[in-house]
Amino acid sequence: MNIFDNTLNAEGVVIVGAGLAGLFCALKLAPRPVTVLSPTPLGLGASSAWAQGGVAAAVGKGDSPAAHALDTQMAGAGIVDHGISQSVTEEAAARIADLAALGTPFDRDDFGNYVLSKEAAHSMNRVVRVSGDRAGHAIMQAIIAKVRQTPSIRIVEGITAVDLARADGRVVGVFCRKLGDRYVEPVFIRARATVLAAGGLGGLYAVTTNPPSVRGHAMGMAARAGAIIADPEFVQFHPTAIATGKDPAPLATEALRGEGAILVNDLGKRFMLDVHEDAELAPRDIVARANFQQIKLGRKVFLDTRQALGARILEAYPTVAQYCIEAGIDPVREPIPVTPAAHYHMGGVKVDADGRASLPGLWVCGEASCTGLHGANRLASNSLLEAVVYGARIADDIGGLEPATGHLPPFEGIGWDPQKGAEAEAILRNLDAVKRLRAIMSDHVGVERDAAGLKHALRELATLEATALGVTRAYLNMITSATLVAAGALRRTESRGGHFRTDFPKTDDTWGRHTEMTLGEALEIRAEA
Ligand SMILES: Cc1cc2nc3c(=O)[nH]c(=O)nc-3n(C[C@H](O)[C@H](O)[C@H](O)COP(=O)(O)OP(=O)(O)OC[C@H]3O[C@@H](n4cnc5c(N)ncnc54)[C@H](O)[C@@H]3O)c2cc1C
């Protein structure tokens with residue numbers, strides 16, 4: 001069977017990305033045939049498998065979807081879509097039951113009830129977890145096992161999507177490339193429905209917790225095809241990535257602070273007490289900025305788990321303990337050095353309640369999308385929840401499509417030039433180009449932003465793009481995403497949630513709304529910078 005046979009896929013569904021959102025959608029679509037594209041072997045290269053905390057859901061005694069929705073709205077700093085937060089939190093229990101039925105070994109007490117963690121800005125213990133900090137790994141293991149046994153799901157590993165294909169104003173599939181095959185013209189996979197589930201953009205930053213394949217490819221691809229992007233400026237920085245110089249930076253889950261771990265500087269001062277009444281459990285953006293401030297002042301920041309957990313960290317949080325031990329830190333006896341790191345993108349490709357993007361034929365789920373759930377700041381552990389809720393909704397929506405009739409329209413080619421393809425390889429090998437892009441984002445579009453820095457970043461991105469134009473589409477997708485984030489950040493002249501402007505430090509009610517942006521608009525802002 002030739003996987004690139006267009007007729008084979010003409011009625012089918014192609015899912016770009018094999019994290020939780022993409023694979024859950026594929027399972028929910030069964031027995032409808034679906035092709036899932038993954039650059040890496042399943043389970044590798046997805047943020048989903050790295051998630052430590054778990055999935056937020058109101059499944060505990062005394063909790064309710066309404067309370068969960070309210071916490072989501074509070075964390076989102078005034079711009080969460082209330083209808084979406086209500087419907088997503090209401091669907092949470094059913095999706096947790098799905099994950100359990102698929103074989104996820106969630107932690108339970110002697111009575112079979114879920115053991116729930118507490119994370120920042122949740123009003124109660126609400127995070128369903130596995131072996132303390134192994135939720136992502138365990139969920140993905142269970143899902144992958146099921147995917148492998150599902151005959152309607154065809155997995156293609158070692159392949160990267162580089163462009164969305166369009167015809168008559170519709171998205172009709174994707175252009176992709178096998179890894180290591182960059183000299184060859186991208187291959188077209190035609191599809192009736194294209195689901196983009198290729199993750200967020202944390203890897204566009206020099207300091208990130210995201211895997212290397214999660215670098216804004218999804219948003220860049222969709223924006224270049226003409227999709228509307230929402231809230232691109234809102235990037236969440238996790239306050240406690242373990243600072244050992246490793247790229248990506250390993251994470252020390254927030255659940256540790258939920259258990260009473262504290263943040264101290266190298267003078268031993270517990271500085272969060274002066275910053276927020278909830279101290280270490282203040283919303284993530286506040287804790288991340290406080291850590292950033294300490295580092296800016298020349299201090300070092302540590303997460304001290306010793307009193308709260310002692311030796312229990314080794315068994316209760318084996319992933320974090322392992323990261324520490326690998327870095328030569330003994331978490332039982334020493335505080336853990338930490339730093340803020342790009343972690344999650346609240347913005348993304350704008351979708352409606354069914355996961356439909358503004359371009360017909362395109363659905364988007366998981367971190368690549370902007371559903372309106374997170375507003376300016378994601379509530380901890382709401383993203384795996386959003387991934388499964390929208391994965392299921394999209395499967396439902398696509399399941400209702402009538403089979404295509406008549407001839408399939410010819411698609412618009414992408415004007416591949418073999419000469420430039422050869423240049424592409426050279427540039428891509430030049431890792432400095434990627435390094436430069438990531439440094440620009442961390443230095444000027446990071447935890448703190450201002451107009452001068454953002455304009456500088458946009459000019460630098462324009463220069464990088466001039467080098468990359470027509471050269472490598474993967475790189476162009478990254479620069480496109482970076483441009484959207486920087487342009488959105490420059491346009492929003494206030495501070496809110498994950499977006500902090502030192503030149504506009506206050507929240508401004510006139511900005512109390514989602515923003516939308518096309519690539520054309522972002523490029524206009526860039527041209528004026
Ligand atoms: C360290 C860490 C801890 C986290 N902890 C939690 C937590 O406890 N709870 C929570 O709710 N959230 C957590 N998050 C966030 C959460 O993991 C992500 O938001 C979520 O997993 C996103 O799922 P996804 O399926 O959209 O994307 P991913 O899981 O990132 O999957 C994206 C997939 O797309 C592929 N891909 C990328 N580009 C292309 C391309 N061009 N073509 C084809 N495929 C492509 C990737 O290789 C990958 O397979 C954490 C994130 C990190 C990094």
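These notes cover the structure that comes with them.

At a minimum axis separation of 9 Å, helix α4 (residues 82-101) and helix α12 (residues 382-399) run at an interaxial angle of 90°. On the basis of the axis angle, α4 is roughly perpendicular to α12. Contacts between α4 and α12 involve I84, S87, V88, E91, A92, R95 and L99 from the first element and L385, V388, V389, Y390, A392 and R393 from the second. Of the residues that constitute the contact of α4 with α12, the class distribution is nine nonpolar, one polar and three charged.

Below, the discussion takes up the site of the ligand. In the neighbourhood of the ligand, 38 residues make up the surrounding shell, with S48, G53, G54, E367 and S383 lying closest. At a separation of 3.2 Å, an oxygen atom of the ligand approaches a polar backbone atom of L20. G54 places a main-chain nitrogen or oxygen 2.8 Å from a nitrogen atom of the ligand. For the ligand, whose free accessible area comes to 1000 Å², the fraction covered by protein is 98%. Breaking the shell around the ligand down by element, the ones donating at least two residues are α2 (20-29), β7 (159-167), α6 (217-224), β15 (336-345) and α12. Per-element accounting of the shell around the ligand gives the leading share, three residues, to α12.

This next bit is on the state of the cysteines. Inspection of the entire model under this criterion finds zero disulfides. C176 forms no disulfide, and the closest cysteine sulfur to it belongs to C365, at a distance of 17 Å. For the unlinked cysteine C370, the closest cysteine sulfur is that of C365, found at 14 Å.

So, on to the sheet that holds β7. The strand order across the open sheet built from three strands is β7-β8-β9, with neighbouring strands paired in antiparallel fashion. Since the sheet does not close on itself, it has two edges, and those belong to β7 and β9 (187-190), each with one partner. Along the sheet, successive strands turn relative to each other by an average axial angle of 35°, direction set aside.

With 13 residues, helix α8 (residues 284-296) should cover 18 Å at 1.5 Å per step; its first-to-last C-alpha distance of 18 Å lies within 8% of that length. Residues of α8 that are buried include every one of R284, D285, V287, A288, R289, A290, N291 and Q294, and no others. G298 sits one or two positions beyond α8 and adopts a positive phi of about 95°.

A word on the sheet that holds strand β4 (residues 116-117). Here we have three strands laid out as an open sheet, ordered β3-β5-β4, and antiparallel in their pairing. The sheet is open, and its two borders are formed by β3 (55-56) and β4, each paired with just one other strand. Relative to strand β5 (residues 127-128), β4 runs antiparallel, the two being bridged by two bridges. The partner of L116 across the bridge, within β5, is V128.

All right, on to the pairing of β7 then. Along a regular strand, successive side chains alternate from one face of the sheet to the other. With seven of nine residues buried, β7 lies mostly within the body of the structure. Here eight bridges tie β7 to strand β8 (residues 170-178), and the two strands are oriented antiparallel to one another. Residue pairing in the sheet places I159 in a bridge with K178 of β8. Where β7 hands over to β8, the hairpin turn is made up of two residues, of which D168 adopts a positive phi near 50°.

Definitions and cut-offs
- Residues numbered from 1 in each chain as written.
- Predicted model: local features only at pLDDT ≥ 70, side-chain atom pairs only at ≥ 80, totals over all residues.
- Heavy atoms only, no water.
- Axes fitted to C-alpha atoms, helices over the stretch in contact; angles between N-to-C directions.
- Helix = DSSP H or I, 4+ residues; strand = E, 2+ residues; numbered from the N terminus.
- Parallel < 35°, antiparallel > 145°, perpendicular 65-115°, else oblique.
- Contact = heavy atoms within 4.5 Å.
- Nonpolar A, V, L, I, M, F, W, Y, C, P; charged D, E, K, R; others polar.
- Near = heavy atom within 4 Å.
- Polar contact = N/O pair within 3.5 Å; in protein donor to acceptor, adjacent residues only side chain to side chain.
- Areas by Shrake-Rupley, 256 points an atom, 1.4 Å probe, with all protein chains shown as cover.
- Disulfide = S-S within 2.5 Å.
- Pairing = 2+ DSSP bridges.
- Expected span 1.5 Å × (residues − 1).
- Buried < 20%, exposed > 50% of the residue type's maximum accessible area, 1.4 Å probe, protein only.

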